[in-house]
Amino acid sequence: MRTYKGRKRQTRGSVRREYPFYPNQLLRILMAIMGTLAAVAVLSALFPLSLDLIADPFARPEAGTRALWILKPVILLGGMLKRPGLTIVLVTFLAALFVLLPALDRSGQRTLKRRLLMATPFLLWVLFLAVSLLFSVGVPG
Amino acid sequence: MSSRERSHHKGSSRSTRDLFGLRGFLFGSADSRASMKGAWEATLRRPVAHSGWSSCFGGIALFLFLIQAATGILLMFFYIPADPEAYRSTLYMAGQAPFGWFFRIIHHWAGIAMMFAVSLHVLRVLFKGAYQDPRDLNWIVGSVLFFLTAGFVLTGDLLPWTRSAYWSAEWWTSLVGSFPLIGHQIMLFLRGGENVTGSTVTRFYVFHVFVLPALSTLFMVLHFAMVRKLGISEPL
Ligand code: HEM
């Protein structure tokens, strides 16, 4: 299979390099998929699943129960605000900001500063999730 | 044999061969009915901007979604969405069902990986400024996909009906319940009553295996159609 070196095309004053989807981009995606499969296989082998006790709606929450990793950022926020009503309104507001982002940034600018400003809060959220996940690994689910 | 007869003979042996080969099927028998060759070539040869490895996260998310669908369907053969059968069927799956443990753990980790692949995909879109016009509508479609993916994690967690999952579900559904005015109604709808019970498991199961996959498929089709129309954003 022959991959192509790509060709240059002038767009709006800047030079853009283009490749055919097949084989260049498709090969790249296939390699990324192989890497993902390997990561899933390694994680599955290193951290087998164990089952917690059966749910009991009449019991009280005990030490040893773990909160779902994806909820941790919201739990932390709830702990800081101390009012569930306010917490859920704030979470909904943040979600709305996320969905409506293009309406909030209509500048059309793609400067490094602006892009960093937009990406950093989300990056922090992803890092927080990764840390929460790390701490919940191995705890029976 | 005249040259005309020879070429006719060659042609008919090729069409017989084409019946069994994929290439022949796609570009021969199938193409003569649905003329797919042009469409395939247009798709495959379509030039894309050179956007680097980070542009693979969307494709990875799609791949993981397919893995989830395949392993999820296999798990459905054993799982019973009720109290206490949910827990017992999960135990059976984990210990006795043929390859149940395998599909369960792949489903678990591929689900987590999908949430992170989608998040990294969003991070790339944000960092490239690709959410701006003309891809603004695709950002909105994508953000629905983001919440649907989180919905898979939230509903899937309760399905084994374990103690930890119970308290997580109890916590987040009551948080939803404290939303002003409509929160309580939404909570009742999610739980199937005032408390988290076997009815909640049944509801979460319906969301997890039907509502969320159907909506995700619909939004992915829209998402990909828009990516195809607009192309990947130009490198900066
Ligand atoms: C199940 C989830 C998702 C899947 C399978 C998916 C898949 C894809 C694929 C395959 C592409 C083209 C290549 C690439 O840029 O990676 C793409 C592009 C895009 N996606 Fe997604 N996506 C998902 C979620 C999201 C989310 C959550 C957002 C934003 C909130 C989003 C916004 C976009 C945008 C704006 C583009 C165009 C990017 C560009 O042109 O550079 N997607 N998506």
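Residues numbered from 1 in each chain as written. Chains lettered and ligands numbered in written order. Predicted model: local features only at pLDDT ≥ 70, side-chain atom pairs only at ≥ 80, totals over all residues. Heavy atoms only, no water.

Student: How should I be thinking about the domain arrangement of chain B in this particular structure?
Tutor: Taken domain by domain, chain B consists of domain 1 (3-44) and domain 2 (55-230). Domain 1 of chain B and domain 2 of chain B are separated by 42 Å when their C-alpha centres are compared. (Domains from an automatic or database assignment.)

Student: How should the site of the ligand be read in this particular structure?
Tutor: Residues and elements named next belong to chain B. Residues in close proximity to the ligand total 26 residues, the closest being Ser55, His121, Gly142, His223 and Ser233. Arg124 has a polar side-chain atom sitting 3.0 Å from an oxygen atom of the ligand. One of the side-chain nitrogen or oxygen atoms of His223 is found 2.8 Å away from a nitrogen atom of the ligand. Contributions of two or more residues to the shell around the ligand are made by α4 (57-76), α6 (100-128), α7 (136-158) and α10 (198-230). For the shell around the ligand, the element with the highest residue contribution is α6, accounting for six residues. Along the lines of polarity and charge, the residues of the shell around the ligand split into 15 nonpolar, nine polar and two charged. (Near = heavy atom within 4 Å. Polar contact = N/O pair within 3.5 Å; in protein donor to acceptor, adjacent residues only side chain to side chain. Helix = DSSP H or I, 4+ residues; strand = E, 2+ residues; numbered from the N terminus. Nonpolar A, V, L, I, M, F, W, Y, C, P; charged D, E, K, R; others polar.)

Student: Teacher, can you tell me more about the interface of chain B and chain A here?
Tutor: Reports of interface size often rely on the accessible area that becomes lost once the parts have come together. In this complex, chain B contributes 69 residues to the contact, which on the side of chain A involves 77 residues. For the pair chain B and chain A, the summed buried surface comes to about 7,000 Å²; carbon and sulfur atoms form 72% of the total. Counting across the interface, chain B meets chain A through two salt bridges. Salt-bridge contacts for Arg66(A) lead to Asp157(B); the nearest nitrogen and oxygen are separated by 3.0 Å. In this assembly, chain B and chain A are joined by 22 residue pairs in polar contact (both at pLDDT 80 or more). For the side of chain B that touches chain A, the secondary-structure elements that each account for two or more residues are α3 (37-45), β1 (47-49), α4, α5 (85-95), α6, α7 and α8 (163-177) of chain B. For the side of chain B that touches chain A, the class distribution of residues is 46 nonpolar, 15 polar and eight charged. (Contact = heavy atoms within 4.5 Å. Buried area = accessible area lost by both parts, 1.4 Å probe. Salt bridge = Lys/Arg side-chain N within 4 Å of Asp/Glu carboxyl O.)

Student: How should I be thinking about the coordination of the iron atom of the ligand in this particular structure?
Tutor: Octahedral metals with six donors have ideal donor angles of 90 or 180 degrees. Tetrahedral metals with four donors have an ideal donor angle of 109.5 degrees. Residues and elements named next belong to chain B. Donor atoms from the polypeptide that bind the iron atom of the ligand are His121 (NE2) and His223 (NE2), placed at 2.0 Å. You can call His121 partly exposed: its relative accessible area is 21%. Assessed through its relative accessible area of 13%, His223 is described here as buried. (Donors = N, O, S within 2.8 Å, 3.2 Å for Na, K, Ca; no water. Buried < 20%, exposed > 50% of the residue type's maximum accessible area, 1.4 Å probe, protein only.)

Student: Is there a simple way to think about the packing of aromatic side chains in this case?
Tutor: Note on aromatic pairs: each is described by the distance of the centres and the angle between the planes. Throughout the structure, instances matching the rule amount to 20 aromatic pairs over all chains. Each residue in the set Phe98(A), Phe122(A), Trp125(A), Tyr131(B), Trp139(B), Phe146(B) and Phe147(B) is aromatic and connected to the rest through ring pairs, giving one cluster. Across from the ring centre of Trp53(B), 5.2 Å away, lies the NZ or CZ of Arg28(A), which sits over that ring. Across from the ring centre of Phe127(B), 4.8 Å away, lies the NZ or CZ of Arg115(A), which sits over that ring. (Phe/Tyr/Trp six-rings, centres within 6.5 Å; stacked < 30°, edge-to-face > 60°. Lys NZ or Arg CZ within 6 Å of the ring centre and 35° of its normal.)

Student: Even after reading the chapter, I still don't get the packing of helix α5 (residues 112-136) of chain A against α6(B), so can you show me in this structure?
Tutor: Any two packed helices are characterised by the angle at which their axes cross and by the distance between the axes. It is at 7 Å that the axes of α5(A) and α6(B) come closest, and there the two elements cross at 165°. One way to sum up the angle between α5(A) and α6(B) is to call them roughly antiparallel. The crossing of α5(A) and α6(B) is left-handed. From α5(A), Leu112(A), Arg115(A), Leu116(A), Met118(A), Ala119(A), Phe122(A), Leu123(A), Trp125(A), Val126(A), Leu129(A), Ala130(A) and Leu133(A) reach across to α6(B), where they touch Trp109(B), Ile112(B), Met115(B), Phe116(B), Ser119(B), Val122(B), Leu123(B), Leu126(B), Phe127(B) and Lys128(B). Along the lines of polarity and charge, the residues of the contact of α5(A) with α6(B) split into 19 nonpolar, one polar and two charged. (Axes fitted to C-alpha atoms, helices over the stretch in contact; angles between N-to-C directions. Parallel < 35°, antiparallel > 145°, perpendicular 65-115°, else oblique. Left-handed = near helix turned anticlockwise from the far one by under 90°.)

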